[in-house]
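Residue-level listing of the chains:
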Amino acid sequence: FLGWLVKEPSEREKIRSRPMNPQTIVKLEERWKTDPNATLEDLQKPGVDDEPEPAPTEFDDAYHYQNVFGPLVKLEADEDKKNKESHTKENITVRWHEGLNKRDVAYFQLQLADDSDLRVMIGDELKLSYPGNSSRGPWSTTGIVTKIDNGEIGLELRRSKNPPPT
């Protein structure tokens, strides 16, 4: 050990230590993204690290095909959902307008960092939420991006019984 870089562990710490390989470290770090209190014991539980079945080049029948690709499609859908939910922007200012089709349109600025993997295109579905305050309760709806102009997004909201907080 380099004493100026890392302090040498005590005998008690050496006894408690466990050998770990890089794959285990990566798995634990990935698990911490969804469960910050995860431990090495959590990785040992059955079903935690089930890898999908490798896809063969030929299938016995349609049932075999479904059993191989069904879990893969679900994994991809779950990953997409997690990725979308991680792209939350807070404290934006919204300007409201009523479209020609009598639907509410929300306009807001969305500053995207160059290193961000978030890309917004016309036709994308976005969720707009308002947490509420003392005079109005929480509100949430989805809409379709209809306009993008110099970082300003036009989001045409779906019809809803709950009017937007203007």
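Attention in this report is confined to the structure presented alongside it. Only a predicted model underlies this, so the values are computations on that prediction, with no experimental measurement involved. (Residues numbered from 1 in each chain as written. Predicted model: local features only at pLDDT ≥ 70, side-chain atom pairs only at ≥ 80, totals over all residues. Heavy atoms only, no water.)

### Some details on the nonpolar core
Item 1. Ranked by size, the top nonpolar core spans 11 residues in total: Ala106, Phe108, Leu110, Leu118, Val120, Leu128, Trp139, Val145, Ile153, Leu155 and Leu157.
Item 2. Only β2 (104–109), β4 (139–149) and β5 (152–157) provide two or more residues apiece to this core.
Item 3. The dominant element in this core, judged by the number of residues it contributes, is β5, at three residues.
Item 4. Excluding anything up to four places from it in sequence, phenylalanine 108 contacts Ile92, Thr93, Val94, Leu126, Gly151, Glu152, Ile153 and Leu155. (Core = buried A, V, L, I, M, F, W, Y, C linked by side-chain atoms within 4.5 Å. Buried < 20%, exposed > 50% of the residue type's maximum accessible area, 1.4 Å probe, protein only. Helix = DSSP H or I, 4+ residues; strand = E, 2+ residues; numbered from the N terminus. Contact = heavy atoms within 4.5 Å.)

### Some details on the pairing of strand β1 (residues 94–98)
Item 1. Pairing analysis gives five bridges linking β1 to β2, with the strands arranged antiparallel. Considered in β2, the bridge of valine 94 is made with phenylalanine 108.
Item 2. Here β1 folds back onto β2, and the loop between the two strands holds five residues, one of which, lysine 102, carries a positive phi near 70 degrees. (Pairing = 2+ DSSP bridges.)

### Some thoughts on the sheet that holds β1
The strands making up a sheet associate through hydrogen bonds between their backbones, and the pairing can be parallel or antiparallel.
Item 1. Taking strand neighbours across the sheet as the criterion, the five strands line up as β1-β2-β5-β4-β3 in an open arrangement whose pairing is antiparallel. Taken across any chain shown, the strands that pair with only one partner, and hence form the sheet edges, are β1 and β3 (125–130). The average angle at which neighbouring strand axes cross in this sheet is 40 degrees, direction not considered. (Axes fitted to C-alpha atoms, helices over the stretch in contact; angles between N-to-C directions.)

### Concerning the pattern of salt bridges
Item 1. As enumerated under the stated definition, the model contains nine salt bridges in all.
Item 2. Lysine 14 serves as the salt-bridge partner of glutamate 8, at 3.6 Å between the closest nitrogen and oxygen.
Item 3. Taking relative accessible area as the criterion, glutamate 8 reaches 52% and is therefore assigned exposed.
Item 4. With a shortest N-O distance of 3.0 Å, glutamate 41 and arginine 18 are connected by a salt bridge. Residue glutamate 41 is located in helix α3 (residues 40–44), and its partner arginine 18 is located in the loop between α1 (11–16) and α2 (22–34); the two are separated by 23 residues in the primary sequence.
Item 5. Judged by its relative accessible area of 44%, glutamate 41 falls in the partly exposed class. (Salt bridge = Lys/Arg side-chain N within 4 Å of Asp/Glu carboxyl O.)

### Remarks on the packing of aromatic side chains
Item 1. What the rule picks out here adds up to four aromatic pairs.
Item 2. Ring centres of phenylalanine 59 and tyrosine 65 lie 5.0 Å apart, and the angle between their planes is 75 degrees; this geometry places the pair in the edge-to-face category.
Item 3. Note on phenylalanine 59: relative accessible area 26%, which makes it partly exposed.
Item 4. Members of the aromatic cluster, joined through ring pairs, are Phe59, Tyr65 and Phe69. (Phe/Tyr/Trp six-rings, centres within 6.5 Å; stacked < 30°, edge-to-face > 60°.)

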